[in-house]
Amino acid sequence: MIAKSRLLTSLVLSVAVLAVVGCGKKEKPVAPVETAPATGPAPTAQLTATPSSITAGDQVVLSWRTTNANTIFIEGIGDLPSSGVKTVTPTVSTSYHLVARGDGGSADATARVTVEAAPVAVAVANDGTGNSMSADEQFHANVQDIFFDYDSYDVRPDASGALSKAAAYLASNSSIRVLIGGYCDERGSNEYNLTLGQSRASSVKQALVQAGIAPDRLRVVSYGKEKPFCTESTEECWQQNRRAGFSIDR
Amino acid sequence: MTALFRYHSRVFALMLALAVLALTPAHAQDWIRIGSSLSNQRIRLGAADAKPVGADPEIPAFKASFDATLFNDLSSAGIFDMVSKSFAPPGTPGSPQEINLPGWATEPANASMVAFGALSTANGKLTFNGWLFDAKNPGSPQVLGKQYTDNATLDTARLLAHKFADDIIARLGGGLNGIAETKIYFVSSRTGSKEIWAMDYDGQNQHIVTKLGGVSLSPRISPDNSRLAFSSIGKEGWSIRMYSLDLNRMVAFPAGIAGGSNFSPAWSGDGAKLAFSSARTGDSEIWVCDASGGNLRKLTAFRNNSSPTWNPRTNGQIAWVSGRTGLPQIYTMDSDGGNIVRMTDGGYAISPSWSPNGQFLSFSWNRKYGPGAPGGQDIYAMDIASLKWLQLTHDSGSNDFPSWSPDGRHIVFERAIGGRNAIWTMLADGTEQHELTHSGRDFMPNWSWK
């Protein structure tokens, strides 16, 4: 039975090959093209909020990019240029809704920011005793993910707050050793992304060393795109994956 | 229109190069030299179904497996125009006395060559007596006559067909050995963790090799088929690990551990050296060492270097991926780190594989890479000397990790369509693409050297 179906496969394949060879001189079949209205090209819109999860009082960077649009706004914020960056400080969880309108129609994009109430324990994090937070919770409240631009391993200016907070926490908790994981989004090669994740984690390690943390407390590992935090193929999800993440190195 | 013309002129250039390669060996058969170019006219080959001999009830199953495997091997070799089974003259020839050569030589079969033979069992052994006859030379037709035998199993039926196919290809293929007995190693997550798997070149006999749990990547088989190098994540980070296919177990490779960031190993063509990416000094650089791990040294000096591949012809050059100027590009250097040449002129270029004759690099390239850019990630082949390239895949998913077959006529690669990664194979000119794996998610194929 298997052999029969294999024979059939071979026959079908050879017929398919003949068909391919037969059209070798012709233009290859045209891929389906997105239909655009006759009035102009359809606009596109992308919006990211970084980080997408914060503690109340922290800042979020909204960055957006649009094409083929002449009216661009985020609801609740107002009109905007075609691309740019804006810092906001939401106090409650918020969905930012970007609308781009042009001659060819309209496009929109949404980025959600989850806001946690500020933990009281942060102020006494280095106390250690009588604290309701576990060591891991304290660690993660103080040492937070650092996010990166597309194909970049440069620590962005908007990460300086998170880095100083992490350095301060690690300076006052000198027994903690840290594993810095470098992560990438799903695009590109597994192998090359491992080197990119390596460079991201190394950049963060260098920044912490410059802030006074002993290098032998900081271990670096790249996960490339092997351990994604978020698995959707959207820019918002990709941004969450382009990061250096921290854990206690036990 | 110009682009189309350029595309076709490149196809022609590559086919020409392949044809030149195929015609080069001095011991090529006479009729190849007097025939027209292999690239333009394939050899018209008939493969008769094997004649079953004896009353063994298992023979029909062996015969079915043998016939299908032989026809598939010859069809996918890239150098034959196979006579459809329905065009074969009546009868099942099992010996030179039984072959109806005029029937094969004339319409509709119109074969230049005919392969035929008889399959029999005796004392637990399966035997195939096979012949290859020149249908246009009835006076002295025999090109090949050989007996193949091994323990009688279905796997053996396939193996005997592979061996017969390789012998036919060795005689008609311009002196290049066939690939019917080669293996493809790859990564699969079908057990839940990413492990190294192996299969026959035609996708049959898929089986797991490593069982480490976690994530293992980038399998590279040694040229003598004895060891499998790959990278795997453990408590100390990423290491280059070794699996012995002779011992069927992991063997130590201490040189591949330091720093916790060791990726993408590559064997030199003589099996004497390994190149790999390591961040043991901080940044990901290309390192080389002896196969034993000795003589370890660093070749590159900028960030983000990965995916080395040796020129298997000379073992004197390495191509690799570097992000030293931003997006990753393909570079070549001498194996001492000197004479660095950038090969790609932009976009996002990754995963080089050096062709067995040393003449071409195949790699994955997104020529219009960027946020919102329309580029696709496709497989390309580039002529090293001229930097002229040919796009081999078009408009079909996201393609990565090309790996050349040892005859240089085929390329196996990873294609992701809608989030499902699978292993595909094609001829080196991009034609005859088909999927080899039909299960789970499969990645990073590597074709054995023999």
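The structure contained in this document is the topic of the report that follows. (Residues numbered from 1 in each chain as written. Chains lettered and ligands numbered in written order. Predicted model: local features only at pLDDT ≥ 70, side-chain atom pairs only at ≥ 80, totals over all residues. Heavy atoms only, no water.)

1. Notes on the overall build of chain B
Just so we agree on the cut-off: A run of DSSP states H or I qualifies as a helix once it reaches four residues; a run of E qualifies as a strand once it reaches two. Both are numbered from the N-terminal end. Within these notes, the globule rule equals 2.2 Å times the number of residues to the 0.38 power, and the radius of gyration is based on C-alpha atoms. Classification of residues uses two cut-offs on accessible area relative to the type maximum, computed with a 1.4 Å probe and protein chains only: under 20% is buried, over 50% is exposed, and between them is partly exposed. Whether two residues touch is decided by their heavy atoms; if any such pair falls within 4.5 Å, the residues are in contact. All accessible areas in this document rest on Shrake-Rupley with a 1.4 Å probe, and a residue is counted as covered only by the protein chains that are shown. For the purpose of charge, His is not counted, nor are the chain termini; Lys and Arg are scored as positive and Asp and Glu as negative. Each charge is placed at NZ for Lys, CZ for Arg, CG for Asp and CD for Glu.
What chain B contains, in helices and strands, is five helices and 30 strands. For chain B, whose C-alpha radius of gyration is 23 Å, the value lies close to the compact-globule estimate of 22 Å for 450 residues. Principal-axis analysis of the C-alpha atoms gives chain B an extent of 70 × 55 × 40 Å. The proportion of buried residues among the 450 residues of chain B is 57%. The long-range fraction of contacts in chain B, counting pairs at least 24 apart against all pairs at least 6 apart in sequence, stands at 44%. About 17200 Å² of surface is accessible on chain B, with carbon and sulfur atoms providing 52% of the total. In chain B, 39 positive and 38 negative side-chain charges are present, and the distance between their average locations comes to 5 Å.

2. Things to note about the interface of chain A and chain B
The condition that has to hold: A carboxyl oxygen of Asp or Glu within 4 Å of a side-chain nitrogen of Lys or Arg is what we treat as a salt bridge. Any pair of nitrogen or oxygen atoms within 3.5 Å is treated as a polar contact; in protein, a donor-acceptor pairing is required on top of that, and neighbouring residues in sequence qualify only through side-chain atoms on both sides.
Across the contact, 37 residues belong to chain A and 55 residues belong to chain B. Linking chain A with chain B are two salt bridges, by the criterion used here. With its nearest N and O atoms 2.7 Å apart, the salt bridge here joins Glu 226 of chain A to Lys 194 of chain B. Viewed at the interface, chain B and chain A are joined by nine residue pairs in polar contact (both at pLDDT 80 or more). Looking at the side of chain A that touches chain B, the elements with two or more residues in it are α1 (2-22), α4 (190-210) and β11 (218-224) of chain A.

3. Thoughts on the environment of Asp 56 of chain B
All names here are of chain B. Here Asp 56 is to be found in the loop between β2 (51-53) and α3 (59-75). In this structure Asp 56 comes out as partly exposed when scored by relative accessible area, which is 25%. Spatially, the C-alpha atom of Asp 56 lies 7.0 Å from that of Thr 121, the residues being 65 residues apart in sequence. A polar side-chain atom of Asp 56 sits 2.7 Å from a polar atom in the side chain of Thr 121.

4. Considering the state of the cysteines
Residues and elements named next belong to chain A. Condition: The definition used for a disulfide is geometric: two cysteine sulfur atoms within 2.5 Å.
Scanning the model with the defined rule gives one disulfide over all chains in all. Put simply, Cys 230 and Cys 237 are joined by a disulfide, and their sulfur atoms are 2.2 Å apart. Given an S-S torsion of about -135°, the disulfide between Cys 230 and Cys 237 has left-handed geometry. Cys 237 matches Cys 230 in its accessibility class, with the two residues each being buried. Considering cysteine sulfurs only, Cys 237 is the nearest to Cys 184, which forms no disulfide, with 13 Å between them.

5. Brief notes about the sheet that holds β11 of chain A
All names here are of chain A. Using the following cut-off: Two strands qualify as a pair provided DSSP detects at least 2 bridges between them. The axes are straight lines fitted to the C-alpha atoms, using for helices just the contacting stretch, and the angles between their N-to-C directions are given from 0 to 180°.
A sheet is described by the order of its strands in space; here four strands give the open sequence β9-β12-β10-β11, paired in mixed fashion. Two strands in the sheet have a free side with no partner beyond their single neighbour: β9 (146-147) and β11. Summarising the sheet, strand β10 (residues 178-183) and β11 pair through six bridges and their orientation is parallel. Bridge pairing in β11 places Gly 181 opposite Val 221. Along the sheet face, helix α2 (residues 135-142) touches β10 and β12 (243-248) and points at about 155° away from the line of β12. Lying on the sheet, α4 is in contact with β9, β10, β11 and β12; it crosses β11 at an angle near 155°.

6. Here we look at the pairing of strand β12 (residues 237-244) of chain B
Residues and elements named next belong to chain B. Of all eight residues making up β12, seven are buried, and the element is well covered by its neighbours. Pairing of strand β11 (residues 227-234) with β12, which is carried by eight bridges, proceeds in the antiparallel orientation. Counterpart to Leu 228 in the pairing with β12 is Tyr 243. Joining the antiparallel neighbours β11 and β12 is a turn of two residues. Sheet topology note: the β12/strand β13 (residues 249-251) ladder contains three bridges and is antiparallel.

7. Some details on the packing of α3 of chain B against helix α5 (residues 154-172) of chain B
Residue and element names in this part refer to chain B. Put simply, the test is: Each helix crossing is assigned a hand: it is left-handed if the near helix lies turned anticlockwise from the far helix by less than a right angle, otherwise right-handed if that turn is clockwise. Under the convention adopted here, Pro, Cys and the residues Ala, Val, Leu, Ile, Met, Phe, Trp and Tyr are nonpolar, Asp, Glu, Lys and Arg are charged, and Gly plus all remaining residues are polar.
Taken N-terminus to C-terminus, the directions of α3 and α5 make an angle of 35°; their axes are 8 Å apart at the nearest point. Along this stretch, α3 crosses α5, giving a crossing that reads as right-handed. Between α3, through Ala 61, Phe 62, Ser 65, Phe 66, Thr 69, Leu 70, Asp 73 and Leu 74, and α5, the contact on the second element is made entirely by Leu 154, Ala 157, Arg 158, Leu 160, Ala 161, His 162, Phe 164, Ala 165, Ile 168 and Ile 169. A class-by-class count of the residues in the contact of α3 with α5 yields 13 nonpolar, three polar and two charged.

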